[in-house]
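# Observations on chain architecture
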Amino acid sequence: MAAICSLYIINKSGGLIFYKDYGSTGRMDTNDSLRVASLWHSMHAISQQLSPVSGCTGIELLQADTFDLHCFQSLTGTKFFVVSEPGTQHMEGLLKHIYELYTDYVLKNPFYEMEMPIRCELFDINLTQAIQKDRVALLAR
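Residues numbered from 1 in each chain as written. Predicted model: local features only at pLDDT ≥ 70, side-chain atom pairs only at ≥ 80, totals over all residues. Heavy atoms only, no water.

In terms of helices and strands, the chain carries 3 helices and 5 strands. Secondary structure elements of the chain occur, N-terminal to C-terminal, as β-β-α-β-β-β-α-α. Relative to the 2.2 N^0.38 estimate, which gives 14 Å for 141 residues, the radius of gyration of the chain is 15 Å and therefore close to what a compact globule would have. Seen through its C-alpha atoms, the chain measures out along the principal axes to roughly 40 × 40 × 30 Å. The buried share among the 141 residues of the chain stands at 40%. Once local pairs closer than 6 in sequence are excluded, the contacts in the chain between residues at least 24 apart make up 48%. Carbon and sulfur atoms make up 56% of the accessible area of the chain, which totals about 8,500 Å². (Helix = DSSP H or I, 4+ residues; strand = E, 2+ residues; numbered from the N terminus. Rg over C-alpha atoms; globule rule 2.2 N^0.38 Å. Buried < 20%, exposed > 50% of the residue type's maximum accessible area, 1.4 Å probe, protein only. Contact = heavy atoms within 4.5 Å. Areas by Shrake-Rupley, 256 points an atom, 1.4 Å probe, with all protein chains shown as cover.)

On to the nonpolar core. Counting residues in hydrophobic clusters, the biggest one holds 23 residues, and the most contacted among them are Tyr 102, Ile 118, Phe 123 and Leu 127. Taken together, the elements giving at least two residues each to this core come down to strand S1 (4-10), strand S2 (16-21), strand S5 (79-84), helix H2 (91-107) and helix H3 (121-140). Looking at this core element by element, the count peaks at 7 residues for H2. In contact with Phe 123, other than residues within four places in its own chain, are Ile 9, Phe 18, Ile 98, Leu 101, Tyr 102, Tyr 105, Val 106 and Ile 118. Ranked by size, the runner-up nonpolar core spans 9 residues in total, among them Ile 10, Ala 37, Cys 71 and Phe 81. (Core = buried A, V, L, I, M, F, W, Y, C linked by side-chain atoms within 4.5 Å.)

This paragraph deals with the state of the cysteines. Under the counting rule described, the total for this entry stands at 0 disulfides. Free cysteine: Cys 56, not disulfide-bonded; nearest cysteine sulfur from Cys 71 at 11 Å. Classification of Cys 56 by relative accessible area gives partly exposed; the value is 28%. (Disulfide = S-S within 2.5 Å.)

The end-to-end C-alpha separation of helix H1 (residues 30-50) is 30 Å, in line with the 30 Å expected for 21 residues at 1.5 Å each. Along H1, the residues that are buried comprise Ser 33, Ala 37, Trp 40, His 41, His 44 and Ser 47. End-on, the buried residues of H1 take up no more than an arc of 135 degrees, which puts them together on one face. Exposed positions of H1 whose direction lies more than 90 degrees from the buried face are Arg 35, Leu 39, Gln 49 and Leu 50. Elements in contact with the buried residues of H1: S1, S2, strand S3 (61-63), strand S4 (68-73) and S5. (Expected span 1.5 Å × (residues − 1). Arc of directions from axis to C-beta.)

Attention now moves to the side chain of His 41. For His 41, the position within the fold is in helix H1. Ignoring any residue separated from it by four or fewer positions in sequence, one finds His 41 in contact with Ile 10, Asn 11, Lys 12, Ser 13, Gly 14 and Lys 79.

Structure representation (structure tokens):
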């Protein structure tokens, strides 16, 4: 049973630049993952504008009966979000670690073009290792 179901990375324009499914059931097709990313980008932007708190950066956690959605937005506007099982803790640290992997292996890659889909083998390898370490840490708790 995986605590993390899927990971999305959205560029500042709302385009899906990376999607990885870690769940064993209910896999989405490409169109559905694009819809989820677009919907989340829109909801995040609207929440910033409608928030009664000044300086609000948008929704960081959306809790539902069947999943939790945790979001981290970088200073450049790139959003990282994971869909996880309900009640999964410590996702903020994992999202920040994924952001560090993104900066180390994607942004420093001379062949990567900003705002384009991520196709970087080192990022994929290190991301898989980070997710596996997080699953082991969750099982130990």
